[in-house]
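Chains, contacts and geometry: an overview
What follows is the residue order along each chain.
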Amino acid sequence: NAGVTQTPKFRILKIGQSMTLQCAQDMNHNYMYWYRQDPGMGLKLIYYSVGAGITDKGEVPNGYNVSRSTTEDFPLRLELAAPSQTSVYFCASSYSDRVLYSNQPQHFGDGTRLSIL
Amino acid sequence: GQQVMQIPQYQHVQEGEDFTTYCNSSTTLSNIQWYKQRPGGHPVFLIQLVKSGEVKKQKRLTFQFGEAKKNSSLHITATQTTDVGTYFCAGRGKAAGNKLTFGGGTRVLVKP
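What you see is a predicted model; the values in this text were computed from it and never measured.

Let us look at the overall build of chain B. Within chain B, the regular secondary structure consists of zero helices and eleven strands. Listing every helix and strand of chain B by position from the N terminus yields β-β-β-β-β-β-β-β-β-β-β. Relative to the compact-globule value of 13 Å for 112 residues, chain B shows a C-alpha radius of gyration of 13 Å, a close match. Principal-axis analysis of the C-alpha atoms places the extent of chain B at approximately 45 × 25 × 20 Å. Looking at chain B residue by residue over its 112 residues, the buried ones come to 49%. Excluding contacts between residues fewer than 6 apart, the proportion of contacts in chain B whose partners are at least 24 apart in sequence is 54%.

What follows is the structure, encoded as structure tokens:
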């Protein structure tokens, strides 16, 4: 199992450009998440998904969009890149049994380091 | 909303010494998780605490969940250079729609 795979690992964008950060997991996890981590700071939840076709906003969703057409993939879209979006982006996945309400740990990808100039 | 705070923000430790980092939530939690992030790496799950007053040990690491389920601590004994990194707590509670809320982390530097 590869776990959670994020591409690209690094990217430099110009202000106003758009791009999609890719995230894929092969653990058949129902929950997936996108976080951003600014230098020296903690993790802020951008968007999350509890299953294919279902997405919801996290703490800092402005300027981002997501989709979840399959269980495996959860891409994050930046439409108009701004310098404030310079950060490290982590995708994570977990399994949550909504009947038993058993919350399993989150598995993180290696991150995408994004600079917007 | 739910806020999770960690103190201290930075911890400089002499190799071989013990230290404790603390995690405090503004609301009652259903469970709390701890993660470690090595410099340049991604967060890696360490442990989950669920019960009030629960204590779990992993070798030199001792994790505790407070009786009121609003705070937690991580105690490391005989610190080694391999303990370098940032330790995050993440709490799950009804106030945040049962999503994980991460603390700001404690950055640990070890002096050999």
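Back to the write-up after that little detour.
All names here are of chain A. Overall, the coordinates contain six salt bridges over all chains when judged by the stated rule. A salt bridge links Glu79 to Arg77; its shortest N-O distance comes to 3.3 Å. On the basis of relative accessible area, Glu79 is assigned to the partly exposed category, the value being 40%. The partly exposed category is assigned to Arg77, whose relative accessible area is 29%.

What follows is about the sheet that holds strand β1 (residues 4–7) of chain A. Residue and element names in this part refer to chain A. Spatially, β1-β3-β8-β7 is the arrangement adopted by the four strands of the open sheet, whose pairing is antiparallel. Sheet topology places β1 and β7 (64–66) at the edges, where each strand pairs with a single neighbour. Taken pair by pair, the neighbouring strands of this sheet meet at an average axis angle of 20°, ignoring direction. When β1 meets strand β3 (residues 19–25), the two strands line up antiparallel, connected through four bridges. Along β3, the bridge assignment pairs Thr7 with Gln22.

On inspection of all chains with the given rule, the structure shows two disulfides over all chains. The residue that forms a disulfide with Cys23 of chain A is Cys91 of chain A, at a sulfur-sulfur distance of 1.9 Å. Between Cys23 of chain A and Cys91 of chain A, the S-S dihedral sits near -70°, and the bridge is therefore left-handed. Here Cys91 of chain A lies in strand β9 (residues 87–94) and Cys23 of chain A lies in strand β3, a separation of 68 residues in the sequence. For the pair formed by Cys23 of chain A and Cys91 of chain A, the shared burial category is buried. One disulfide bridge connects Cys23 of chain B with Cys89 of chain B, the sulfur atoms lying 2.0 Å from each other. Disulfide Cys23 of chain B-Cys89 of chain B: the torsion about the S-S bond is 80°, which places it as right-handed.

Before going further, it helps to examine the interface of chain A and chain B. Counting from both sides, the interface comprises 18 residues of chain A and, opposite them, 20 residues of chain B. Summing both sides of the interface, chain A and chain B together bury roughly 1,500 Å²; the carbon and sulfur share of this comes to 52%. Taken together, chain A and chain B are joined by zero salt bridges. Linking chain A with chain B are six residue pairs in polar contact (both at pLDDT 80 or more), by the criterion used here. Among the elements of the structure, β4 (31–37) and β5 (43–51) of chain A are those that each provide at least two residues to the side of chain A that touches chain B. In terms of residue count, the dominant contributor to the side of chain A that touches chain B is β5 of chain A (three residues). When the residues that make up the side of chain A that touches chain B are grouped by side-chain class, the tally is nine nonpolar, seven polar and two charged.

Cut-off values and rules
- Counting restarts for each chain, with residues numbered from 1 along the sequence as it is written.
- Note on labels: chains are lettered from A, ligands numbered from 1, in written order.
- Only residues with pLDDT of 70 or above have their local features reported here, since the model is predicted, and side-chain atom pairs are shown and tallied only from 80 upward, although totals for entire chains, interfaces and linings are computed over all residues.
- Only heavy atoms go into the side-chain values, all of them from the structure, while hydrogens and water stay out.
- Each helix corresponds to a stretch of at least 4 residues labelled H or I by DSSP, and each strand to a stretch of at least 2 residues labelled E; elements are numbered beginning at the N terminus.
- Within these notes, the globule rule equals 2.2 Å times the number of residues to the 0.38 power, and the radius of gyration is based on C-alpha atoms.
- Between buried and exposed lies partly exposed: a residue is buried under 20% and exposed over 50% of the maximum accessible area for its type, with that area taken using a 1.4 Å probe on protein chains only.
- In what follows, residue pairs with any heavy atoms lying within 4.5 Å of each other are defined as contacts.
- Basic side-chain nitrogens of Lys or Arg form a salt bridge, by our definition, when they fall within 4 Å of a carboxyl oxygen of Asp or Glu.
- A pair of strands counts as paired when DSSP detects no fewer than two bridges linking them.
- Every axis corresponds to a line fitted to the C-alpha atoms, with the helix fit spanning only the stretch in contact, and the corresponding angles, defined between N-to-C directions, vary from 0 to 180 degrees.
- To count as a disulfide, a pair of cysteine sulfur atoms needs to be within 2.5 Å.
- The term buried area refers to how much accessible surface (probe radius 1.4 Å) is lost by two components on association, counted for both of them together.
- Any N or O atom pair separated by 3.5 Å or less is treated as a polar contact, with the protein-specific requirement of one donor-capable and one acceptor-capable atom, and with residues adjacent in sequence counted only for side-chain atom pairs.
- Residues are grouped as follows: Ala, Val, Leu, Ile, Met, Phe, Trp, Tyr, Cys and Pro are nonpolar; Asp, Glu, Lys and Arg are charged; every other residue, Gly included, is polar.

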